[in-house]
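# Remarks on the overall topology
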Amino acid sequence: MATEVLQQDAQAPARAATLYHIENPEVENKAERFLNAFAAVLHFTDYKALLDSYCASSAKCGRCVASCQVYQVSRDPRDIPCYRSNLLLDVYRRHFTVGGWLKAHIGGGWSLTDALVDEMADIFYRCTACRRCTLECPLGIDHGLITRLGRYILSMAGIAPKALQVSVREQLEGETRNTSKLPEPALVDTLEFLAEEMAESLGVKLEFPLDQPDRDYGFFCAVSDYLMEPDTLMGNAAVLYAAGDWDRWTIGSRNFDAINYGLFYSDWHLERIIKRLVGEAKRLRAGTLLIGECGHASRSACQFVPVFAGQDELPVKSFIEYTLECIEDERIHLDPDIVTEKVTYHDPCNIARSGWIVEQPRRILRSFVKDFVEMTPHGRTNYCCGGGGGLVSMDETHEWRMKVAGRVKAEQIRATEAEIVVAPCANCKKQLKELVDYHELPCRVMGLHDLVLRAIDIPGGKSARQRQDEAALAATA
Amino acid sequence: MEHWLELARGPLFAFTFLVMGLGLARHVLLQVHGLVTRKGQRLRQAPWRRIASSTLSWAVPVGHLDRSTLVMTTASFLFHIGAVVVPVFLAAHVALWSGFLGVSLPALGEGAADLLTALTIVCVLVLVAYRLMTPRARALTRASDYGVLGLVLVPFLSGFLAAHPTLNPLPWSWMMLLHILSAELLLLAIPFTKLAHVVLFPFDRLSEVHWQLRPGAGDRVAAALYGEEAHV
Ligand code: SF4
Ligand code: SF4
């Protein structure tokens, strides 16, 4: 069936092969490789029951379509969630069920072709796997899961985005063991730099704990935070310091990157990266994995450490939860008079819709932000930033993310008239900053702890008020 | 004619009902078996409360109404009520059930039955129109989707006409035979078409369970395809 649609569309203007760069575009015998990979996946994993159930009952009603931020803008039938998922379901029906086999042999049906594999390689990366459509499907068909499964099979057939592959390879098999190729000495430098910054701005002398054994918290953030988000990191550090937990946490030098692109396209990578994190926490004998501000990193750790390492093996906590605890136990104080701008909050799909973090950041923000506005919709039904599912890490998808996938988000932000958009996620922040530039939105994007950093009072150091006065003085001077 | 009607109502019905029952039981057993043998312990880690509440939210989908899907959702919701209530609780069917299964069910009043049947027919027509007229639905719809709607429509329509001699263009017994045979065709089709969602929908909703991936599977897939020393 899917082939029929393809043929119908043969006259339609051809679009670029894929939005993104495939690492090895010249793979041969794609159909055969895809089927082999599919067979191996079916054999060793649990997806069969799900595929059987989806194949037997897929309603294809079109109900969920309106909820997809990609289709809303593109209006391309190929961006309809059930259309995309059906490409994979059709291959399953045809090649892995008795009915499909019979039909093909009696009715002279179709078989998987290289062109159809190309079509899947394109289409499975035109979805941000945000799972918003799942909320609107009466049957609960999970297109995020199917998209991801399609990508997984493609990657096992040797077809995967170059940007993701290169990063994961460095993280799992390279020297530096992280996705940004940040060598350990550079990490040490960064931590020293952060300590100096904090000494100057917060008025406290401190040294970042590296490789300290037996601490309560092993801290892992997206490695990009070390390179590009010093305020997020200093916000994290300020909370730990102000709460009196400075000697209860550590960073590990062997593995400090919580990024897990496996969540976007491969069970194999997902599990290996999780095991790396757990291994590092074990090496340091850390009590709890404390995950920095990052949607997909938090979700992958929280959801998959229990799955892959065993239930109760190692507790996982997101830094947002930790900060909220500190506020509610009155272990830190945030000055409510510092942040006077209008602030809105973007829910990262991975922790809001696919996770457990909706109210916590709002409780934090409401505790010190004077003018907080919500986007419509927000929380679990929030729109994806348009860069989810790994797309934001593929620079070549920029135009599509700006014009198509992120358009709805940009309008949503504009409508709030907020001056600050808070997004506690490395991926979302990158995409939103690009959106703000591209659509010329009158606001700034920052992490949750960037804002916390502005308002936090540092016991034994400078209060938020003091710092604000100093900054004002410096500005007039 | 009486003879044919008896045959259709009796042994043929028993046969189709049995095929449907077995076909649906197979679906359920395969699902349960797949989940229990494959997922095992991990079943306990799934967010069951969230699954239950999202499933329940669709029982009466008022929380899911918005402008772009209003007509389709309403038609679909009302259709499902009619499609369950009429076949089971219509007076003539209740008599059939008590003969077959020995259970006595309360019967719908005549007026209510008429209304509900008519409503169901209208809803099917609305759903057909929706598929024809909305670009997004048209892009998804295949011939089999219309086929299924047709399969559902005929027994309702013929049943309604058989019960209303003034509207019925055919002799009563012909219409009745059409009604019974088309209903039996529908029963037969249930396990083999997307109508299987009558039993599979709770399993469709288990995606959160399927996110509980199988430990070690990734390594085994990679080893099977690229050998033990597989690289990223
Ligand atoms: S997962 Fe998100 S991007 Fe993908 S089809 Fe659904 S709503 Fe659209
Ligand atoms: S995923 Fe669900 S809501 Fe969307 S078209 Fe398919 S059956 Fe309908």
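In this text the structure is predicted, and so the values were computed from the model without any measurement.

## Remarks on the overall build of chain A
- The number of helices and strands found in chain A is 23 helices and eight strands.
- Computed over C-alpha atoms, the radius of gyration of chain A comes to 23 Å, within 12% of the 23 Å expected from 2.2 N^0.38 for 477 residues, which places it in the range of a compact globule.
- Considered along the principal axes of its C-alpha atoms, chain A spans approximately 80 × 50 × 35 Å.
- For chain A, contacts bridging at least 24 residues in sequence account for 81% of all contacts bridging at least 6.
- Computing the positive centroid from 54 side-chain charges and the negative centroid from 67, chain A places the two 5 Å apart.

## A look at the site of ligand 1
Residues and elements named next belong to chain A.
- Contacts to ligand 1 come from Cys 68, Gln 69, Pro 81, Arg 84, Cys 127, Thr 128, Ala 129, Cys 130, Arg 131, Arg 132 and Cys 133.
- Put simply, the parts of the chain that give the shell around ligand 1 at least two residues each are helix H5 (81-96) and helix H8 (132-135).
- Here the shell around ligand 1 is composed, by residue class, of six nonpolar, two polar and three charged.

## Structural notes on the pairing of strand E1 (residues 217-220) of chain A
Residues and elements named next belong to chain A.
- Side chains Tyr 217 and Phe 219 project from E1 onto one buried face, and the interleaved Gly 218 and Phe 220 project onto a second face that is buried too.
- As paired strands, E1 and strand E2 (residues 249-251) are joined by three bridges and run parallel to one another. From the neighbouring strand, Gly 218 faces E2, where its bridge partner is Thr 250.

## Points about the confidence of the model for chain A
- Across chain A, the average pLDDT comes to 93, with 97% of residues at 70 or higher.
- Note on residues 1-14 of chain A: pLDDT is under 50 here. Beyond four places in sequence and across chains, it has 13 contacts.

## Side note on the site of ligand 2
- As a matter of local geometry, ligand 2 sits amid 13 residues, with Cys 61, Cys 64, Cys 82, Cys 137 and His 143 of chain A nearest to it.
- One chain alone does not account for the residues near ligand 2; they come from chains A and B.
- Of the residues assigned to the shell around ligand 2, the class counts are eight nonpolar, two polar and three charged.

## Details of the domain arrangement of chain A
Residues and elements named next belong to chain A.
- If you check the domain split of chain A, you get domain 1 (2-160), domain 2 (171-328) and domain 3 (342-468).
- Using only C-alpha atoms to locate each centre, domain 2 and domain 3 end up separated by 21 Å.
- Taken as a group, Leu 202, Glu 293 and Ile 320 account for 22% of the area that domain 2 buries against domain 3, more than any other trio of residues on that side.
- Taken together, the elements giving at least two residues each to the side of domain 2 that touches domain 3 come down to helix H11 (184-202), helix H12 (223-228), helix H13 (230-242), helix H14 (262-265), helix H16 (295-309) and helix H17 (319-328).
- In terms of residue count, H13 provides more of the side of domain 2 that touches domain 3 than any other element does, nine residues in total.

## What to know about the interface of chain A and chain B
- Tallying the contact residues gives 74 residues for chain A and 51 residues for chain B.
- Both faces combined, the contact of chain A with chain B buries some 5,200 Å², and carbon together with sulfur accounts for 57% of it.
- Looking only at chain A, the three residues that lose the most surface to chain B are Phe 44, Asp 46 and Arg 63 of chain A, adding up to 14% of its buried area.
- At the surface where chain A touches chain B, the tally comes to six salt bridges.

## Details of the sheet that holds strand E7 (residues 420-422) of chain A
Residue and element names in this part refer to chain A.
- The strand order across the open sheet built from four strands is E6-E5-E7-E8, with neighbouring strands paired in parallel fashion. Since the sheet does not close on itself, it has two edges, and those belong to strand E6 (371-373) and strand E8 (444-446), each with one partner. Ignoring strand direction, the axes of neighbouring strands in this sheet form an average angle of 30°.
- Contacting E7 and E8, helix H21 (residues 426-438) runs over the sheet at an angle of about 175° to E8.

## Details of the pattern of salt bridges
Residues and elements named next belong to chain A.
- This structure, assessed with the given rule, holds 43 salt bridges over all chains.
- The salt bridge partner of Lys 30 is Asp 118, with a shortest N-O separation of 2.7 Å. A residue pair is termed long-range when its members are at least 10 positions apart, and Lys 30 in helix H2 (residues 30-44) and Asp 118 in helix H7 (residues 114-123) qualify at 88 residues.
- Residue classification places Lys 30 among the buried residues on the basis of a relative accessible area of 13%.
- Judged by its relative accessible area of 35%, Asp 118 falls in the partly exposed class.
- Arg 93 is the salt-bridge partner of Asp 90, the closest N and O atoms lying 2.8 Å from each other. Of this pair, Asp 90 and Arg 93 both sit in helix H5, separated by three residues, roughly a single helical turn.
- Under the relative-accessibility criterion, Asp 90 is labelled buried at 5%.

## Structural notes on a negative patch on the surface
Residue and element names in this part refer to chain A.
- A contiguous patch of negative charge, built from Asp 189, Glu 192, Glu 196, Glu 197, Glu 200, Glu 207 and Asp 231, is present on the exposed surface.
- Element by element, the count of residues in the negative patch is highest for H11, at five residues.
- Within the secondary structure, Glu 192 is located in helix H11.
- In this structure Glu 192 comes out as partly exposed when scored by relative accessible area, which is 45%.

## A look at the packing of aromatic side chains
Residue and element names in this part refer to chain A.
- In the structure shown here, the tally under the stated rule is 20 aromatic pairs over all chains.
- Ring centres of Tyr 20 and Tyr 125 lie 4.5 Å apart, and the angle between their planes is 50°; on these two criteria the pair is classed as tilted. Placement of the pair is Tyr 20 in the loop between helix H1 (2-8) and H2 and Tyr 125 in the loop between H7 and H8, with a sequence separation of 105 residues. Of the two residues examined, Tyr 20 and Tyr 125, each falls in the buried class.
- Geometrically, the ring pair formed by Phe 38 and Tyr 92 is tilted, given 6.2 Å between the ring centres and 40° between the ring planes. You can see Phe 38 sitting in helix H2 and its partner Tyr 92 sitting in helix H5, a full 54 residues away along the chain. By the burial criterion, Phe 38 is buried, and Tyr 92 matches it.
- Grouped by ring-pair contacts, the aromatic residues Phe 208, Tyr 217, Phe 219, Tyr 241, Trp 246, Trp 249, Phe 319 and Tyr 322 constitute a single cluster.
- One Lys or Arg, Arg 132, reaches over the ring of Tyr 383 and ends 3.8 Å from the middle of that ring.

## Examining the environment of Glu 330 of chain A
- Along the chain, Glu 330 of chain A falls in the loop between H17 and strand E5 (342-345).
- With 245 residues separating them in the primary sequence, Glu 330 of chain A and Ser 85 of chain A have C-alpha atoms 48 Å apart.

## Topic: helix H7 (residues 143-163) of chain B
All names here are of chain B.
- In this model H7 runs 31 Å from its N-terminal to its C-terminal C-alpha over 21 residues, within 8% of the 30 Å that 1.5 Å per residue would give.
- Residues Asp 145, Val 148, Leu 149, Val 152, Leu 153, Pro 155, Phe 156, Ser 158, Phe 160, Leu 161 and Ala 162 constitute the buried set of H7.
- Contacts made by the buried residues of H7 are with helix H3 (70-89), helix H5 (110-133), helix H6 (135-140) and helix H8 (172-189).

Analysis parameters
- Residues numbered from 1 in each chain as written.
- Chains lettered and ligands numbered in written order.
- Predicted model: local features only at pLDDT ≥ 70, side-chain atom pairs only at ≥ 80, totals over all residues.
- Heavy atoms only, no water.
- Helix = DSSP H or I, 4+ residues; strand = E, 2+ residues; numbered from the N terminus.
- Rg over C-alpha atoms; globule rule 2.2 N^0.38 Å.
- Contact = heavy atoms within 4.5 Å.
- Lys, Arg positive; Asp, Glu negative; His and termini not counted.
- Charge placed at Lys NZ, Arg CZ, Asp CG, Glu CD.
- Near = heavy atom within 4 Å.
- Nonpolar A, V, L, I, M, F, W, Y, C, P; charged D, E, K, R; others polar.
- Buried < 20%, exposed > 50% of the residue type's maximum accessible area, 1.4 Å probe, protein only.
- Pairing = 2+ DSSP bridges.
- pLDDT = per-residue confidence, 0-100.
- Domains from an automatic or database assignment.
- Buried area = accessible area lost by both parts, 1.4 Å probe.
- Salt bridge = Lys/Arg side-chain N within 4 Å of Asp/Glu carboxyl O.
- Axes fitted to C-alpha atoms, helices over the stretch in contact; angles between N-to-C directions.
- Patch = residues over 30% accessible without salt bridge, like charges linked within 9 Å, V, L, I, M, F, W, Y side chains within 5 Å.
- Areas by Shrake-Rupley, 256 points an atom, 1.4 Å probe, with all protein chains shown as cover.
- Phe/Tyr/Trp six-rings, centres within 6.5 Å; stacked < 30°, edge-to-face > 60°.
- Lys NZ or Arg CZ within 6 Å of the ring centre and 35° of its normal.
- Expected span 1.5 Å × (residues − 1).

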